[in-house]
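Listed here are the chains, written in short residue letters.
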Amino acid sequence: MKKLILFLWYFSSISWAFGQADILQSSIQQFNHICKQAAKQKSVRKSIREFGAKGDGKTNDTWAFIRASNYLKALKNSNYRVELFIPKGIYLIGMQAKRDNPLKHEDLVIQTPSYEAFYGPILIDLNGCQNISIVGEEGSKIKYVNGLKFGSFDAKTGKPYFPEKLPFNNSYYAASIGVLLFIHNAKNIEVRNLELDGNIQGAEIGGNWGDLGIQLGHIGTYISGICDNILVQNVHCHHFGLDGFAIRSKDTMNNSLKIILNCKSSWNGRQGLSWTGGNNLRCFKTTFSETGQSTLATAPGAGLDIEPESEGGSSCVNGYFESCIFQNNKSFGILATSTAPDRISRGHVFTQCVLIGTQSPALKSPASHSRFDQCYFLGALITPNGRGLDALVFNQCYFTDVPELLVKQLPITLRQKITKIDSYVPPYCLLDLSWGKGSTLIESCRFDIQQSIGMMLDGGPYCILRKSEINFRYLPPFLSSRTNISFMHDCVLESNKFINLTANRHLNIMSNGKIKSNRRNRCSGEITVGSNHTGNDF
């Protein structure tokens, strides 16, 4: 029955992919159509400078953005489209109110929640808004000022406080910098052509707060609540203490839509993108890189973390990622876990994406009922102990443990976006499916292995390696203390090629004898799979 489920999922998803040959074009058309239907009257355009912003790189423009946000929120029930234009310039923002000491400017007030020592406000607040566009131009940059406090601080003295142990959740010591762009319970929202600079390297860092590192508010773009028809395009979120992008939506509508297009998320403290709830996230041509590589590093430190939460979140389902790059992050390229057993992460598609794990796995705990088409992996793919996978597919993917080989295999459009791969540590095992007992299909893939244990397959009768080419080209130092270079136990092998390109060395792939085969696998070049020798079909 499991094999039938995997079979049906595999071919239905192929049919879906061919039926939606250009997902990007159809997504943008859907977004524009809904916006046009929702706002039929003539649009209104306002410049941020009409609200007092200077954009001169010297003046603190916080109050101007708060005033503009209040204007937009007052129009939440309008049936015409409003554009907030942010002309070229450097807009300095950021200030913190102290507990029981609010900040005031004319008719505006920033007041801390009663429990925070220092509080940074939301800068662009689209809570409850609809039919809004936030539009910059080339050179439009919004940057936090130096000297803001982030972490644990003593409210009375203003000095950093370092808790003796974690978790530490005493809110009276919390100092948050704030969220720059907040989209909450909103629809028909477009944001494009902006650089959002969290400037964490210019902040005053306090002690840890939360369960790991500093888990306080400092996020570039945050989408939460029940949101529909959101487009974020050409936005670069970098140097935020927590996340570049965060999505914690509660929507369960099958037709809800959130698009991230041509964006970058780099040098952020915890995640490039934290997806903790929502449906139908579509991400195109976006790079998530250098997480945890700047001033601050907080676990998990991934490019993308898919982690449905029970408190305030929902399941993460139906994600689509095309031509995205996950590289040079302190930890994982992609991490998919769940903090609550009643929450679901499933139905994700990755096509023509690049996943690079420099010091940790490129991919850990991929979600069930998900597939990777024509993706490129440098570093390990691993499933943790006790985590079975259901209907996971890798189709026409490339796996290697050598950076130069990865770059050589990439199409030019992806190769141009890859930065220098720093501090690369080869994994112990390139493909580890030895823990889960679910349905996994690896078909028409290629493996180039030089400096790691190639594979550990022990996933049961529904772990299938089919029509793939596995090349071993080891250097002597790696083989000096090894006799087995892969372990294939309880799995299915169908029509694969195992090729030893290593000079003057016979290689052995260990097996416990439980391999099921279609008798069309081929060994070439002094290699043994279990009891099956070079030249034999098995």
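Residues numbered from 1 in each chain as written. Predicted model: local features only at pLDDT ≥ 70, side-chain atom pairs only at ≥ 80, totals over all residues. Heavy atoms only, no water.

## Comments concerning the confidence of the model for the protein chain
- The predicted model of the protein chain averages 87 in pLDDT, with 88% of residues at 70 or higher.
- Considering only residues more than four positions removed or in separate chains, one finds that residues 1–20, a stretch of pLDDT under 50, has 32 contacts.
- For the stretch residues 385–389, pLDDT sits under 50, and the model shows 17 contacts to residues farther than four places along the chain or on other chains. (pLDDT = per-residue confidence, 0-100. Contact = heavy atoms within 4.5 Å.)

## Some details on unusual backbone geometry
- In this structure, Pro 167 follows Leu 166 across a cis peptide bond, with omega equal to 5°.
- Mapping Pro 167 onto the fold places it in the loop between strand S12 (149–152) and strand S13 (174–175).
- Cis geometry is found at the peptide bond from Ala 299 to Pro 300, where omega equals 10°.
- Assignment of secondary structure puts Pro 300 in the loop between strand S24 (287–289) and strand S25 (302–306).
- Its identity as a non-glycine residue notwithstanding, Asn 193 has a phi of 65°, on the positive side.
- When its relative accessible area of 24% is taken as the criterion, Asn 193 is described as partly exposed.
- Non-glycine residue Asn 262 carries a positive phi angle of around 55°.
- Its location among the elements puts Asn 262 in the loop between strand S20 (258–261) and strand S21 (264–266). (Helix = DSSP H or I, 4+ residues; strand = E, 2+ residues; numbered from the N terminus. Buried < 20%, exposed > 50% of the residue type's maximum accessible area, 1.4 Å probe, protein only.)

## Remarks on the layout of surface pockets
- Approximately 1000 Å³ is the volume found for the largest pocket.
- In terms of lining, the largest pocket is formed by 37 residues, of which the most central are Gln 215, Tyr 222, Leu 242, Arg 248 and Arg 270.
- Taken together, the residues that form the lining of the largest pocket break down as 17 nonpolar, 11 polar and nine charged. (1 Å grid on protein atoms, 1.4 Å probe; cavity = no way out; pocket = protein on both sides within 12 Å on 5 of 7 lines; lining within 4 Å. Points joined across faces, edges and corners; volume = space filled by probe spheres on them. Nonpolar A, V, L, I, M, F, W, Y, C, P; charged D, E, K, R; others polar.)

## Here we look at the pattern of salt bridges
- Scanning the entire structure with this criterion turns up 14 salt bridges.
- Across the pair Arg 371 and Asp 373 runs a salt bridge whose closest N-O atoms are separated by 2.5 Å. By the burial criterion, Arg 371 is buried, and Asp 373 matches it.
- Residues joined in a network through salt bridges with shared partners are Arg 67, Glu 106 and Asp 107. (Salt bridge = Lys/Arg side-chain N within 4 Å of Asp/Glu carboxyl O.)

## Focus: the pairing of strand S47 (residues 497–500)
- Across four bridges, the pairing between strand S44 (residues 469–472) and S47 is parallel. Residue Asn 471 lies in a different strand from S47, and its bridge partner there is Ile 499.
- Inspection of the sheet shows S47 paired to strand S50 (residues 522–524) by three bridges, in the parallel sense. Considered in S50, the bridge of Ile 499 is made with Ser 524. (Pairing = 2+ DSSP bridges.)

## What about the packing of aromatic side chains?
- Per the stated rule, a full pass over the model turns up 20 aromatic pairs.
- Note on Phe 118 and Phe 153: the rings are 6.3 Å apart at their centroids and 75° apart in plane angle, and the pair reads as edge-to-face. Here Phe 118, found in strand S8 (residues 118–119), pairs with Phe 153, found in the loop between S12 and S13; they are 35 residues apart in sequence, far enough to count as distant.
- Residue Phe 118 is classed as buried on the basis of its relative accessible area of 4%.
- In this structure an aromatic cluster arises from ring pairing among Phe 321, Phe 350, Phe 372, Phe 377, Phe 394, Phe 399 and Phe 447.
- A cation sits over an aromatic face here: Arg 45 above Phe 85, 4.1 Å from the ring centre. (Phe/Tyr/Trp six-rings, centres within 6.5 Å; stacked < 30°, edge-to-face > 60°. Lys NZ or Arg CZ within 6 Å of the ring centre and 35° of its normal.)

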